[in-house]
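An overview of the molecular structure
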Amino acid sequence: MKKAGAVLLSGMLLAGGAVAHAEQRMQGYVGISYAELEQYDRFFGQGRYETGEVFARIGGHLNEIFTSELRIGTTLNDESGTSSVGVRDYRHDYIITMMLQAGHEIGIFRPYVGAGYSYVRERVTLVNGNEVTGSFDDITVAGGVDIYLGERVGLNLEFTQYYDTENLRLKGPSAGLIWRF
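Here's what I pulled together on the structure shown here.

Scoring rules and cut-offs
- Residues numbered from 1 in each chain as written.
- Predicted model: local features only at pLDDT ≥ 70, side-chain atom pairs only at ≥ 80, totals over all residues.
- Heavy atoms only, no water.
- Pairing = 2+ DSSP bridges.
- Helix = DSSP H or I, 4+ residues; strand = E, 2+ residues; numbered from the N terminus.
- Salt bridge = Lys/Arg side-chain N within 4 Å of Asp/Glu carboxyl O.
- 1 Å grid on protein atoms, 1.4 Å probe; cavity = no way out; pocket = protein on both sides within 12 Å on 5 of 7 lines; lining within 4 Å.
- Points joined across faces, edges and corners; volume = space filled by probe spheres on them.
- Nonpolar A, V, L, I, M, F, W, Y, C, P; charged D, E, K, R; others polar.
- Buried < 20%, exposed > 50% of the residue type's maximum accessible area, 1.4 Å probe, protein only.
- Contact = heavy atoms within 4.5 Å.
- Patch = residues over 30% accessible without salt bridge, like charges linked within 9 Å, V, L, I, M, F, W, Y side chains within 5 Å.
- Areas by Shrake-Rupley, 256 points an atom, 1.4 Å probe, with all protein chains shown as cover.
- Phe/Tyr/Trp six-rings, centres within 6.5 Å; stacked < 30°, edge-to-face > 60°.
- Lys NZ or Arg CZ within 6 Å of the ring centre and 35° of its normal.

**Notes on the pairing of strand β7 (residues 131-148)**
One ladder, built from 17 bridges, connects strand β6 (residues 109-126) with β7; its direction is antiparallel. The partner of S118 across the bridge, within β7, is D138. In sequence, β6 turns back onto β7 through a hairpin of four residues, with G129 there showing a positive phi of about 95°. Pairing of β7 with strand β8 (residues 153-164) involves eight bridges; the strand directions are antiparallel. Bridge pairing in β8 links D146 to N156. Between β7 and β8, which pair antiparallel in sequence order, lie four residues.

Now the structure itself:
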């Protein structure tokens, strides 16, 4: 829990500083996104499964190229079923990501790539009703595009890989709305 608190505090300071700097140029933003994250199946025996995640995002443009962002997400759609290892439900309690993005506006589009750090806490509910939690962290990479529909409102499309090891992978596309201030 100390690690999650440190990650959250660092991310808030990073994003908050970026937003404070960006507010002077009206380039801070908040957003909400929905992601379908695919992962290797460690629990249900189907090879892979997806969970639906919702993310709140806050960030700011540091300059014309770089943007910092803090995003916090949780599972909206659990993976459910009864497995041979006694698992009934799987979800992410939270996913906290701090990211630095590099991109450039081209008309209404702003394509970007990003890299950062994610801390994930997962929860498994067993058939007997007991819950087991675990956590993992890794370097996160992303590629996406912001599409500005006006001075303040825009769409965001992104593909993100939050975690990738030999037996655990968390990645997928997301779509969302952003509001610039």
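Having seen the structure, we can now continue with the description.
**Some points on the pattern of salt bridges**
Inspection of the entire model under this criterion finds nine salt bridges. Between D93 and R123 there is a salt bridge, and its shortest N-O distance comes to 2.8 Å. Taken as a pair, D93 in strand β5 (residues 87-103) and R123 in strand β6 lie far apart in primary sequence, 30 residues in all. The salt bridge partner of E105 is R180, with a shortest N-O separation of 3.7 Å. Taken together, the residues span a long stretch of sequence, with E105 in the loop between β5 and β6 and R180 in strand β9 (residues 169-180) at a distance of 75 residues. Bridged by salt links that share partners, the residues R91, D93, R121, R123 and E131 form one connected network.

**Side note on empty space enclosed by the protein**
A complete count under the given rule lists one cavity of 30 Å³ or more for this structure. Its volume calculated, the largest cavity comes out at about 30 Å³. Surrounding the largest cavity, S33, F55, R57, R71, E158, Y162 and S174 form its lining. Listed by contribution, the elements that provide at least two residues to the lining of the largest cavity are β2 (48-61) and β8. For the lining of the largest cavity, the class distribution of residues is two nonpolar, two polar and three charged.

**Re the environment of V120**
Structurally, V120 is set in strand β6. Judged by its relative accessible area of 2%, V120 is buried. Along the chain, V120 and S135 lie 15 residues apart, while their C-alpha atoms are 5.4 Å from each other. Look past the residues within four positions of V120 in its chain and what remains in contact with it is H92, Y94, I95, G134, S135, F136 and L170.

**Observations regarding a nonpolar patch on the surface**
On the surface, V30, I32, I58, L149, V153, L155, L177 and W179 cluster together into a nonpolar patch covering about 680 Å² of accessible area. Every element with two or more residues in the nonpolar patch is listed here: β1 (28-40), β8 and β9. Assessed through its relative accessible area of 40%, W179 is described here as partly exposed.

**Re the packing of aromatic side chains**
In the structure shown here, the tally under the stated rule is four aromatic pairs. Ring geometry for F55 and Y162: centres 5.7 Å apart, planes at 5°, overall stacked. Of the two residues, F55 sits in strand β2 while Y162 sits in strand β8, which places them 107 residues apart along the sequence. Residue F55 shares its accessibility class with Y162, and that shared class is buried. An angle of 55° between the planes, with centres 4.6 Å apart, marks the rings of F136 and Y163 as tilted. Taken as a pair, F136 in strand β7 and Y163 in strand β8 lie far apart in primary sequence, 27 residues in all. Here R180 stacks its cationic end above the ring of Y148, 3.7 Å away from the centre of that ring.

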